[in-house]
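Take a look at the letters that make up each chain.
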Number of protein chains: 2
Amino acid sequence: MRLSKRGEYGLRAMIILADVQKNSPTGMIQIKEISAREEIPAKFLEQILLALKNAGLVHSKMGVGGGYYLARPSKEITLGQIFRTLDGPLAPVKCVSQMAYEPCGCPDEETCGLRMVMGDVRNAIANILDTTTLATVIKRVEAARA
Amino acid sequence: MRLSKRGEYGLRAMIILADVQKNSPTGMIQIKEISAREEIPAKFLEQILLALKNAGLVHSKMGVGGGYYLARPSKEITLGQIFRTLDGPLAPVKCVSQMAYEPCGCPDEETCGLRMVMGDVRNAIANILDTTTLATVIKRVEAARA
DNA sequence: CATAAAGTCTACTAGTATTATAGACTTTAT
DNA sequence: ATAAAGTCTATAATACTAGTAGACTTTATG
């Protein structure tokens, strides 16, 4: 059940963007700055941020003084949205996916034991990632620091 | 968050073995029989069952009339044990793994937002897979059939 | 207007993991 | 003796992952 580096870097970057939105006047930060802070290869991060941009989760400004910033308030962006953009469906098997359902090949889905359990797992993950926003994360981090 | 074919096939095979333990006098079944029922490539399944055997979850009998059977009553085998044997740790990132901890590289683990959330995800998955036994699954399947 | 800072876009590559397949071997019942 | 069954190790084909490269566009500013 591993999170890919792509997903990990993307989530870390988004958490930074949320922090910047809250604590910097412009709310903007450059790729290389995020890359330096989190030790993420800059060129790799570039692709990830681009994907997040195409998904409408961040906006960017080109040219001198440009950078990336969240497309919406951090409380309106869930980790589920970020995860799905970068790593695809949450569900362990396609036949329990809400966003990308496909049959699994079991003769009867309704009585497939594996499917039942994986459905529970999917829901448990979705319950966390779809209700946790970037604002939630920032709040927890600040609480842990205090 | 995808389940590998290896993990999927292994879990399906174990559910069959639990059913066989409950409903057949010998409690034993052959690879090719499981392979046929679930449309799993026989040679692939062979390796998977071997891994489960080396992990002590199933026993086998060689020769004519041989086959595989559960090493313990189905209520003493959790899906978590099976999953970990075939697919490794449940945790999305190593730094929240109970069974295979490794640092992630964040400067301070205690205040890492990603780590907090992934810890929750790990616990949610573990809560399901470590409390669900093969017996649980069989019961649910029978309830769904009725 | 030249320049440098910044993002955009696409292609590529090395390494690793996944999903098998093959085949020679061992054990056991009949 | 034979055939049914599991054991074990090697290999192959493919896909995926993580990362690199480089040419391009946009924009602020001296």
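Structure: see above.
Residues numbered from 1 in each chain as written. Chains lettered and ligands numbered in written order. Predicted model: local features only at pLDDT ≥ 70, side-chain atom pairs only at ≥ 80, totals over all residues. Heavy atoms only, no water.

Under the criterion given, the structure shown has 2 disulfides over all chains. Sulfur-sulfur distance for the disulfide between A:Cys95 and A:Cys104 comes to 2.2 Å. Residues A:Cys95 and A:Cys104 are joined by a disulfide whose S-S torsion is about -85°; by sign, that bridge is left-handed. Overall, A:Cys104 belongs to the partly exposed group, its relative accessible area being 24%. Among the cysteines around B:Cys112, which has no disulfide bond, B:Cys106 carries the closest sulfur, lying 3.8 Å off. (Disulfide = S-S within 2.5 Å. Buried < 20%, exposed > 50% of the residue type's maximum accessible area, 1.4 Å probe, protein only.)

In terms of nonpolar packing, the biggest core is built from 99 residues, with A:Met14, A:Ile82, A:Leu129, B:Met14, B:Ile82 and B:Leu129 touching the most fellow members. If we ignore the near neighbours within four places in the chain, the residues touching B:Leu129 are A:Val117, A:Met118, A:Val121, B:Thr78, B:Leu79, B:Gly80, B:Phe83 and B:Leu90. (Core = buried A, V, L, I, M, F, W, Y, C linked by side-chain atoms within 4.5 Å. Contact = heavy atoms within 4.5 Å.)

This part is about the side chain of B:Arg84. Residue and element names in this part refer to chain B. Within the secondary structure, Arg-84 is located in helix 4 (residues 79-87). Relative accessible area serves as the criterion here: at 18%, Arg-84 is assigned to the buried category. Filtering out sequence-adjacent residues up to four positions away, Arg-84 remains in contact with Leu-90, Met-99, Arg-122 and Asp-130. (Helix = DSSP H or I, 4+ residues; strand = E, 2+ residues; numbered from the N terminus.)

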